[in-house]
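Read off the chains here:
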Amino acid sequence: MRRVHDRGGWPDAGSIDRSEHDLAMWEKQTDALLRLLASRDKRILRVDELRRAIEDLDPAAYERMNYYERWLTAIENLLVEKGILTREAIAQRLAELAAQSG
Amino acid sequence: MHDHEHGVHAAQTETTSPHELRVRAIITLLMDKGLLSAEELRRTIEDMEARTPALGAKVVARAWVDPAFKARLLADAKAAIAELGIDTSAFITLKVVENTEKVHNVVVCTLCSCYPRDLLGVPPAWYKSLNYRARVVVDPRGVLKEFGLELAPDVEVRVYDSTADVRYLVLPQRPPGSEGLSEEALASLVTRDSMIGVARARTPAAD
Amino acid sequence: MAPKFKPGDRVRVRVAYPPHHFRTPGYIQGKTGTVEVVHGAFRNPESLAYGGDGLPKQYLYLVRFAQTEVWEGYPAGSQDQLLLDLYEHWLEPA
């Protein structure tokens with residue numbers, strides 16, 4: 001069966017929003033993060049793995065998320081899968097950062 | 001937002017979005033492990049911001065004024081681009097496809113967002129959108145019309161779906177009225193969208 | 001190993017939805033086209049996507065399809081073309 005990322009000819013697609021968006025800093029950081037992790041020097045993950053992790057997102061989440069949300073979620077999932085980070089450590093760091101920014 | 005600020009420990013603004021927090025959490029955790037440095041991140045973002053369609057426009061303008069260069073560009077894009085002093089050592093395999101009176105090329109990636117970033121920078125939002133990816137393969141003429149480009153029926157439309165390890169760049173037609181312009185002036189007519197294939201190059205403003 | 005196909009060869013795209021990552025869009029599966037360019041051999045993304053080494057490399061081809069053969073509703077008589085990069089193991093002689 002065709003999966004959610006395989007969009008060519010997808011039925012009922014509407015008009016294309018052509019407005020220009022400057023990337024927010026978190027989007028640039030997410031892009032840069034992927035490029036660094038996939039760089040020849042580091043090779044912590046491959047772009048092919050990123051694609052696979054994006055394709056493995058829940059289909060409803062894939063449709064709902066914006067572009068770099070998909071990337072960030074996929075990067076996080078891959079880092080956990082590879083045993084580089086844990087969910088607990090991420091949750092704890094998030095809580096610390098949220099408290100600081102509160 | 002703090003567009004000038006590249007650090008991950010950016011001064012807090014009034015609100016911090018969940019995405020900002022999340023990317024910062026991951027980045028700082030990786031830094032703690034020594035897998036990544038603030039300096040590397042800063043340089044990577046700078047490189048991203050420096051890479052703009054001006055690079056592609058320079059290549060196109062040279063192809064317009066130098067037929068021998070154009071032939072080499074179409075045959076082996078990377079080698080030809082290196083002639084212009086552009087560092088292509090980290091380039092992904094690139095193929096340049098030429099628009100003519102009879103053929104119009106347009107590029108998409110239906111599976112994700114493959115794009116000739118080495119020459120054009122980050123793709124525009126619409127290129128990555130689900131609607132563009134869905135429609136341009138099945139109804140290219142309708143999509144081009146939406147972009148303001150109506151093609152005669154006898155022009156062959158070629159849609160390139162970049163599904164693998166090759167990136168495609170469109171060499172737009174040199175616009176009428178551009179005779180005698182300098183290479184630099186020509187490059188200013190070459191828009192990002194014309195190198196994706198959803199528009200023609202600009203025509204020179206009439207004096 | 002030499003590439004199995006050369007420019008001008010007619011090829012049919014396999015129909016398959018393996019339960020892993022692959023780079024052959026659904027809309028082109030089962031369609032017949034013509035090899036336009038042999039790009040060379042590239043690491044196999046179906047292995048790279050899981051941390052594998054991508055070997056053996058697979059030949060990658062630019063394949064051209066007539067739009068009228070890909071989409072049922074495409075205006076009859078149109079010369080329009082659709083071109084995709086496809087790995088050799090997704091192609092069979094037509």
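Describing the overall build of chain B
- Broken down by element type, chain B carries eleven helices and four strands.
- Over its C-alpha atoms, taken along the principal directions, chain B stretches across nearly 60 × 40 × 40 Å.
- Taken over 207 residues, chain B has a buried fraction of 53%.
- Residue pairs at least 24 apart in sequence account for 64% of intrachain contacts in chain B once pairs closer than 6 positions are excluded.
- Carbon and sulfur atoms make up 52% of the accessible area of chain B, which amounts to about 8700 Å² in all.
- Charge separation in chain B, taken as the distance between the mean sites of 25 positive and 29 negative side-chain charges, equals 4 Å.

Brief notes about the overall build of chain A
- Scanning chain A from N- to C-terminus turns up five helices and zero strands.
- Its helices and strands taken in sequence order, chain A reads α-α-α-α-α from the N to the C terminus.
- Viewed in the frame of its principal axes, chain A has a C-alpha envelope of about 45 × 30 × 25 Å.
- Counting the 102 residues in chain A, one finds 52% classified as buried.
- In chain A, the share of contacts with a sequence separation of at least 24, taken over all contacts with a separation of at least 6, comes to 55%.
- Averaging the coordinates of the 17 positive side-chain charges in chain A and doing the same for the 19 negative ones gives two points 5 Å apart.

Brief notes about the interface of chain A and chain C
- Every contact between the two is made by twelve residues of chain A and, on the other side, 14 residues of chain C.
- Summing both sides of the interface, chain A and chain C together bury roughly 1100 Å²; the carbon and sulfur share of this comes to 52%.
- Contact with chain C buries surface across chain A, with R46, D48 and R52 of chain A losing the most and accounting together for 37% of the total.
- Across the chain A-chain C interface, the total number found is zero salt bridges.
- Taken together, the connections running from chain A to chain C amount to four residue pairs in polar contact (both at pLDDT 80 or more).

Looking at the layout of surface pockets
- In this structure, the second largest pocket encloses a volume near 780 Å³.
- In this structure, the second largest pocket is lined by 30 residues; those nearest its centre are H21 and L23 of chain A together with P124, A125 and K128 of chain B.
- When residues of the lining of the second largest pocket are traced back to their parent elements, those giving at least two are helix 1 (25-37) and helix 4 (67-81) of chain A together with helix 2 (38-50) and helix 7 (125-128) of chain B.
- Taken together, the residues of the lining of the second largest pocket sort by class into 13 nonpolar, six polar and eleven charged.

Focus: the side chain of T191 of chain B
Residue and element names in this part refer to chain B.
- Among the structural elements, T191 can be located in the loop between helix 10 (183-187) and helix 11 (192-196).
- With a relative accessible area of 18%, T191 lands in the buried category.
- When neighbours within four sequence positions are excluded, T191 is seen to be in contact with R200 and R202.

Considerations on the pairing of strand 2 (residues 32-42) of chain C
All names here are of chain C.
- Here strand 1 (residues 10-13) runs beside strand 2; their pairing, made up of three bridges, is antiparallel. Pairing of R12 across the sheet is with T32, part of strand 2.
- Here strand 2 runs beside strand 3 (residues 58-66); their pairing, made up of seven bridges, is antiparallel. Across the sheet, the residue bridging to T34 is R64, located in strand 3.

Parameters and conventions
Sequence order as written defines residue numbering, which begins from 1 separately in each chain. Naming scheme: in the order in which they are written, chains are lettered from A and ligands are numbered from 1. The model is predicted, so local features are restricted to residues of pLDDT at least 70 and side-chain atom pairs to those at 80 or more, both for listing and for counting; the totals for chains, interfaces and linings are taken over all residues. Side-chain measures here rest on the full set of heavy atoms in the structure, leaving out hydrogens and waters. In DSSP terms, a helix is any run of H or I states spanning at least four residues, a strand is any run of E spanning at least two, and both are numbered starting from the N terminus. Type-normalised accessible area, obtained with a 1.4 Å probe on protein chains alone, sets the label of each residue: buried when under 20%, exposed when over 50%, and partly exposed for intermediate values. By the convention used here, residues are in contact when the closest approach between their heavy atoms is within 4.5 Å. Working definition of accessibility: Shrake-Rupley area with a 1.4 Å probe, residue cover restricted to the visible protein chains. Here Asp and Glu are counted as negative and Lys and Arg as positive; His is not counted, and neither are the chain ends. Charged groups are reduced to one reference atom each: NZ for lysine, CZ for arginine, CG for aspartic acid, CD for glutamic acid. Defined here as a combined quantity, buried area equals the accessible surface (1.4 Å probe) lost by two parts on assembly, summed across both. A pairing counts as a salt bridge when a side-chain nitrogen of Lys or Arg comes within 4 Å of a carboxyl oxygen of Asp or Glu. Polar contacts, as counted here, are pairs of nitrogen or oxygen atoms within 3.5 Å of one another; within protein the pair requires one atom able to donate a hydrogen and one able to accept it, and residues that are adjacent in sequence qualify only if both atoms are side-chain atoms. Here the term cavity refers to a set of points on a 1 Å grid, laid over the protein atoms alone, in which a 1.4 Å probe fits but cannot get out; the term pocket refers to an open set having protein on both sides within 12 Å along at least five of seven lines, with lining residues being those that place an atom within 4 Å of a point. Grid points are joined across faces, edges and corners, and a volume is the space filled by probe spheres set on the points. Polarity classes work like this: nonpolar for Ala, Val, Leu, Ile, Met, Phe, Trp, Tyr, Cys and Pro, charged for Asp, Glu, Lys and Arg, and polar for all others, with Gly in that last group. Paired strands, in this sense, are two strands between which DSSP finds at least two bridges.

Keep in mind these values describe shape, not function.
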